[in-house]
Amino acid sequence: MMWSYANGHVTMISWDSDPLHFALLHFVLIFWQTIHFYFIHRAIHWKPIYQNVHYLHHKNINIGPWTDLAMHPAEHLIYFSTVLLYWVVPSHPIHVMFSLQVAALMSGVGHIGFNEIVVKGKIAFPSDYFHYLHHRHFECNYGNTLFPADRWLGIFHDGSPEAQEKMVERIRAKRAANKELTED
Ligand SMILES: [Zn+2]
Ligand SMILES: [Zn+2]
């Protein structure tokens, strides 16, 4: 990305030239990263990619902070491709650095393994319980709370027995459909 900026392959802005764009992009990129994560995560659950790449990250069923970037190098490339946005949207190198830091560090928070960290009786650090359930059950909660596509698609699991039952039914129906297809 730095090479691309230096050689004029991507459009660079600065605080002086576009202060509003510069500031707003910091907020937009958070939403962009969640949407990007949702779609790449769905894509890497496609069987051929899952079996060769994403399976490694899913070896962590009981997760901890080091689970975040414990993934196949190919998944790193896919995961950090979030910065490709800046090939289309004019930006500054600081946006790229911020995006990469958010992707690398916030993922650790998403896998911290505790429900929440409480300091002096107050929640100091909420966790991503939502994603823990993805590691436990695999076929639910592909995204995160900022982009609730799982709710829209009916594959959200909130940890309740009802959600568990719904997911089991869905998996059974999928397996039955696959079985029918192979028998045909
Ligand atoms: Zn996954
Ligand atoms: Zn994960």
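Values in this document were obtained by computation on a predicted structure and should not be read as measured data.

## As for the coordination of the zinc ion (ligand 1)
Here is step 1 of the chain: The coordination sphere of the zinc ion (ligand 1) contains the protein donors H41 (NE2), H45 (NE2), H54 (NE2), H58 (NE2) and H134 (NE2), at a distance range of 2.1 to 2.2 Å.
Here is step 2 of the chain: The sequence pattern describing where the donors of the zinc ion (ligand 1) fall on their chain is H-x3-H-x8-H-x3-H-x75-H.
Here is step 3 of the chain: A distance of 6.0 Å spans the gap from the zinc ion (ligand 1) to the zinc ion (ligand 2). Taken together, the residues H41 in helix α2 (residues 19–44) and H54 in helix α3 (residues 47–54) connect sequence positions 13 residues apart.
Here is step 4 of the chain: With relative accessibility at 1%, the residue H54 sits in the buried group.

## Quick look at the pairing of strand β1 (residues 116–119)
Here is step 1 of the chain: Pairing of β1 with strand β2 (residues 122–126) involves 4 bridges; the strand directions are antiparallel. Bridge pairing links V119 to K122 in β2.
Here is step 2 of the chain: The hairpin turn running from β1 into β2, its antiparallel successor, is 2 residues long, and K120 in that turn takes a positive phi close to 50 degrees.

## Some words on the coordination of the zinc ion (ligand 2)
Here is step 1 of the chain: H57 (NE2), H111 (NE2), H131 (NE2) and H135 (NE2) make up the full set of protein donors to the zinc ion (ligand 2), lying at 2.1 Å.
Here is step 2 of the chain: Around the zinc ion (ligand 2) sit 4 donor atoms; with metal-centred angles ranging over 90 to 160 degrees, the donor geometry is irregular.
Here is step 3 of the chain: Sequence spacing of the donor residues for the zinc ion (ligand 2), all on one chain, is H-x53-H-x19-H-x3-H.

## Describing the packing of α2 against helix α5 (residues 93–110)
Here is step 1 of the chain: Remark: α2 packs on α5, axes separated minimally by 10 Å, with the N-to-C direction vectors making an angle of 30 degrees. Once α2 is placed against α5, the crossing between them reads as right-handed. Together, F22, L25, H26, L29, I30 and Q33 of α2 and I94, H95, F98, S99, V102 and A103 of α5 make up the contact between the two elements.
Here is step 2 of the chain: Across the contact of α2 with α5, the residue classes break down as 8 nonpolar, 4 polar and no charged.

## Section: the packing of α2 against α3
A pair of packed helices is captured by two measures, namely the crossing angle of their axes and the spacing between those axes.
Here is step 1 of the chain: Packing of α2 against α3 brings their axes to within 7 Å, and their N-to-C directions diverge by 95 degrees. Classed by the angle they form, the pair α2 and α3 counts as roughly perpendicular. Across the interface between the two elements, H41, A43 and I44 of α2 pack against I49, Y50 and H54 of α3.
Here is step 2 of the chain: Along the lines of polarity and charge, the residues of the contact of α2 with α3 split into 4 nonpolar, 2 polar and no charged.

## Some thoughts on unusual backbone geometry
Leave glycine aside and you will find that most residues have negative phi; peptide bonds, for their part, are mostly trans.
Here is step 1 of the chain: One non-glycine residue, K120, lies in the positive phi region at around 50 degrees.
Here is step 2 of the chain: Here K120 shows up in the loop between β1 and β2.
Here is step 3 of the chain: Among the residues examined, K120 registers a relative accessible area of 82% and is labelled exposed.
Here is step 4 of the chain: Of note in the backbone geometry, N141 takes a positive phi value of approximately 50 degrees without being a glycine.
Here is step 5 of the chain: Secondary-structure assignment places N141 in the loop between α6 (129–137) and α7 (149–152).

## What to know about the environment of Y50
Here is step 1 of the chain: Of note, Y50 is situated in helix α3.
Here is step 2 of the chain: Residue Y50 is classed as buried on the basis of its relative accessible area, which comes to 19%.

## Regarding the nonpolar core
Here is step 1 of the chain: Among the nonpolar cores identified, the biggest contains 8 residues, and these are Y5, V10, L25, L29, V83, L85, Y86 and V96.
Here is step 2 of the chain: Dropping the residues within four chain positions of it, V10 is found in contact with S4, Y5, Y86 and W87.

Basis of the calculations
- Residues numbered from 1 in each chain as written.
- Chains lettered and ligands numbered in written order.
- Predicted model: local features only at pLDDT ≥ 70, side-chain atom pairs only at ≥ 80, totals over all residues.
- Heavy atoms only, no water.
- Donors = N, O, S within 2.8 Å, 3.2 Å for Na, K, Ca; no water.
- Helix = DSSP H or I, 4+ residues; strand = E, 2+ residues; numbered from the N terminus.
- Buried < 20%, exposed > 50% of the residue type's maximum accessible area, 1.4 Å probe, protein only.
- Pairing = 2+ DSSP bridges.
- Tetrahedral: all angles 85-135°; square planar, octahedral: opposite > 155°, others 65-115°.
- Axes fitted to C-alpha atoms, helices over the stretch in contact; angles between N-to-C directions.
- Left-handed = near helix turned anticlockwise from the far one by under 90°.
- Contact = heavy atoms within 4.5 Å.
- Nonpolar A, V, L, I, M, F, W, Y, C, P; charged D, E, K, R; others polar.
- Parallel < 35°, antiparallel > 145°, perpendicular 65-115°, else oblique.
- Core = buried A, V, L, I, M, F, W, Y, C linked by side-chain atoms within 4.5 Å.

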